[in-house]
Amino acid sequence: AGSYCAGDTAKDTCPTNTNSPVESFSLTGCTCVAGYYGPQGGPCEQCLAGSYKTATGAGDCTLCAAGTYHSAASLGATSASVCTTCPANTISPGGSTLIAECTCLAGHTGADGAACTACVPGTYKAATGSAACTQCGAGTYSPDTAAVSALTCADCITNTDSLPGAAASTACICVAGFVGNGGGPCTVCPAPGWCAAGASNSCPSNSAAPEGSDEVTDCLCAGGFSGPNGGVCSTCTPGQFCTGGTTNTSCPSHSSSPSGSDALVDCVASPGYEGSPGGPFNACPLGSYCMSGVAHTCPVNSAAGYLASTLLDCKCVAGFVGPDGGTCTACPSDNFCTGGSTPSSCPANSNAPAGSAVITSCTCTRGYSGSQGGTCTECTAGSWCWGGQKNPCPANTLSLPRSSYESNCTCIDGYMGEPGTACTVCSAGSWCFRGVSHPCTDFSTSAAQSDNITACKCYAGYEGLDGGPCTICAAGTYKTGAGSGTCVGCDAGTYSATSGATDTSTCLTCPLYTISPSGSNNLADCQCTPGYSGPDGVECEACVAGTYKDTPGSSACEDCSPDTFSAAVAANASSTCLSCPAFSYGSLRSVFQTDCLCAPGYIGADGGLCSSCNKGTYKAIRGTGVCLDCLAGTYQPLVGQGPVSRCLNCPNHSHSGNGSYVVTNCSCKAGYTGPDGEACRACIAGEYKDVTGASACLTCPPNTFSGTVASGTAGTCRSCPANSEAPAGSTKLMDCRCKPGYLGNDGGTCRACGLGTYKLGHGVGVCVDCIAGTFSAALGAGTNLSCGACPSGSNSPAKSPSQASCICNAGHSGADGGPCPACPKGSHKGATGSNNCTLCSEGKYGTVLA
């Protein structure tokens, strides 16, 4: 294959890019291979871009199908798989070589060579390519997607219209002046609204439009309102009338109309004018009032002014009073009326008859004086007033303000007589009030012209308030003069049994060392003073030293309390019992400071300063003894301690010296460890501590062991057997293990490994032989490094004990133990040992060392 044979000539190769079947005999048997095209026998060219050829033969290349493309960068394609499908919704001609030849299908739009989108409803596109979709015309619509013809655009129904590009029948909306849903049907717009875009719209408030109206300006204001067409319709303002639309008209002069009036007859006469609705209008006649255009006469005894418009404009005339527009009656008494609805009161404290029309009709009332219609002043004390006239009272009499009769004038206080007549002076020993004389109470008197019972004063020796009653001064008291003073008690330390006493001469002195309260009336009131004791009413004895009495009376003297002393005689307070010096104590009734003895825990002279025993000491008795040291093994952290029980024991397994005063003086004993003053722990097995204190337990050294707990000496750390070893801190004999190079049980006798052997680790293990080719002359070898290598050219059996065990190898010669050089060229040695090398036999030679 691939060649042809023409007759008897040599085989010829087919031209480039051709092939032939077996036994081809001419050039025409050579046809173009796949991906190439041309005549039989060649020449063959590559399939161009946009085509392919799948098999060998004389056929042409096949174009890529429509809707695909094949890039020019790839020639000689052999399969349809090189034809790439165009993007979505595009088409290309057969044999296309560029993606840009893929253009949008009809009904689709987009850039050449890219995926295209379908024309949306309301649009269409009749040709392929990149052109945009065309909108359906105004008045039509299309619901189809990817439409390819204008025939898909349907007409809107009657009285509807649509914008270009409408996508549904509902986009066809009613034309102006018609109403209905999108897509119809549409009917004429009903009154009173207007219609646009199919929707019915209400006119602004107070306006309306005729049927078929299509804009807001068709809305006209209703009667009673005015404003621009289609705008805000305002209520017709008062004083005008509006017939509808855009205009408003003012009412005639002197008339008015209510808000929202729509005709001339809505204009009625203004208040104070008369006339029919719509006019003309005239001023109301005097004496009448005009209301709603009609004249009315005022009630009796009233009249109205110019342009009166209501009944209330009718006012009562002078001398009459009543509500405006109502019944007018005569002016009431004590008032005057000038006309109108309100009477005027006469000036204060004056009155007038009914029907009074002027202020001068007002006359002052009784008890007041003044001119007619003028100010009426109150009649002053000492006078009386009648008919506006003021009159003085008789001698030594007085009247109250506003008095209106002469009999209102009565005697002034301190005088006596009948009302309205002259009065005389009140006599001594009595008092006069409002002309009447009254005698003073018993045991009291007064001066002439007295005007009050309080002018009556109690006699000397009597007490009581001015005016009485007066009582006699009791025994133990006195009063020296007349008046309201009280009886005064005899001074403290005196007494009196006399009643009605007028001076101090009746107050007698109490016995020696006694005292009585002020006002005492009996000798038994004299009691012993503080510091003295005895029966009431007799001379008292002083309290002895060591006692005191701080209250008066017959009670006994009290002993000074324990731990105090007093040398004072007749002591009158507990404060005379002086406290013993600090930390000392005395018994009841102690007299001298030397009776104070130092307390346990303190030392010093009797009655002197007591010093506390130092920390670490104690004193169990009172007095002048000495402080004793706390015993060894105890400590005392406080000063001034009494019984020996205050010396505290050191923590377990610790000890202190005599007189120790802090717990940290307690140090751990030998065999124990811990911080000073704290609990001590025993040294564990494998440790010891041979001193006291806080130091740590020491570990037994390597190659020793100790099973003793709380050991206090290094002597408990016993040595391991010979040739055995144990780590530091070992606790038992079995911790001693044979060291490397020695053999035996843990804790037992260890024997050395023999010559030619070794043992690597501690313990029971076995001695290991040195390997062949090595030797060891050491007893108890603990490493394989003790097995030395035999000299070069020699060897030894395992477990060799010395270098002499190394014998020369075959081909080497020398003494046992080496060195063993190789046999020289021309000689040989076939056995091991120390034999010499043998020369090669005659007729032979050797070329190597052997």
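Residues numbered from 1 in each chain as written. Predicted model: local features only at pLDDT ≥ 70, side-chain atom pairs only at ≥ 80, totals over all residues. Heavy atoms only, no water.

Comments concerning the overall build of the protein
- Scanning the protein from terminus to terminus reveals 0 helices and 98 strands.
- Against the 2.2 N^0.38 benchmark of 29 Å for 850 residues, the protein shows a C-alpha radius of gyration of 78 Å, more extended than a compact globule.
- If you line up the protein on its principal axes, its C-alpha atoms span 210 × 140 × 30 Å.
- Across the 850 residues that make up the protein, the buried fraction comes to 36%.
- Partitioning the intrachain contacts of the protein with sequence separation of at least 6 by distance along the chain shows that 27% fall at a separation of at least 24.
- Treating the 29 positive side-chain charges of the protein as one cloud and the 51 negative ones as another, the clouds have centres 30 Å apart. (Helix = DSSP H or I, 4+ residues; strand = E, 2+ residues; numbered from the N terminus. Rg over C-alpha atoms; globule rule 2.2 N^0.38 Å. Buried < 20%, exposed > 50% of the residue type's maximum accessible area, 1.4 Å probe, protein only. Contact = heavy atoms within 4.5 Å. Lys, Arg positive; Asp, Glu negative; His and termini not counted. Charge placed at Lys NZ, Arg CZ, Asp CG, Glu CD.)

Considering the confidence of the model for the protein
- When the pLDDT values of the protein are averaged, the result is 90; 99% of them are 70 or greater.
- Averaged pLDDT values over the elements of the protein bottom out at 83 in strand E1 (residues 3–5) and peak at 96 in strand E81 (residues 672–673). (pLDDT = per-residue confidence, 0-100.)

A few points about the state of the cysteines
- For the structure on display, the rule yields 48 disulfides.
- The disulfide partner of Cys 236 is Cys 242, and the S-S distance across this bridge is 2.1 Å. Of note, the bridge from Cys 236 to Cys 242 carries an S-S torsion of about 80 degrees and is right-handed in sense.
- Given the relative accessible area of 1%, Cys 236 is considered buried.
- For Cys 242, a relative accessible area of 0% puts it in the buried group.
- The partner cysteine of Cys 393 in its disulfide is Cys 409, sulfur to sulfur 1.9 Å. Here Cys 393 and Cys 409 share a disulfide; its torsion about the S-S bond, -65 degrees, makes the bridge left-handed. Of this pair, Cys 393 sits in the loop between strand E48 (389–392) and strand E49 (397–398) while Cys 409 sits in the loop between E49 and strand E50 (410–411), and the two are 16 residues apart along the sequence. You'll find Cys 393 and Cys 409 in the same group, each marked buried.
- No disulfide involves Cys 5; its nearest neighbouring cysteine sulfur is the one of Cys 14, lying 10.0 Å away.
- Left without a disulfide partner, Cys 840 is nearest to the cysteine sulfur of Cys 823, which lies 9.7 Å away.
- Under the relative-accessibility criterion, Cys 840 is labelled partly exposed at 26%. (Disulfide = S-S within 2.5 Å.)

Here we look at the packing of aromatic side chains
- For the coordinates displayed, the defined rule picks out 4 aromatic pairs.
- Summarising the aromatic geometry, the rings of Trp 386 and Tyr 405 are spaced 5.9 Å apart at their centres and angled 45 degrees between planes, so their arrangement reads as tilted. Taken together, the residues span a long stretch of sequence, with Trp 386 in strand E47 (residues 383–386) and Tyr 405 in the loop between E49 and E50 at a distance of 19 residues.
- A relative accessible area of 40% means that Trp 386 is categorised as partly exposed. (Phe/Tyr/Trp six-rings, centres within 6.5 Å; stacked < 30°, edge-to-face > 60°.)

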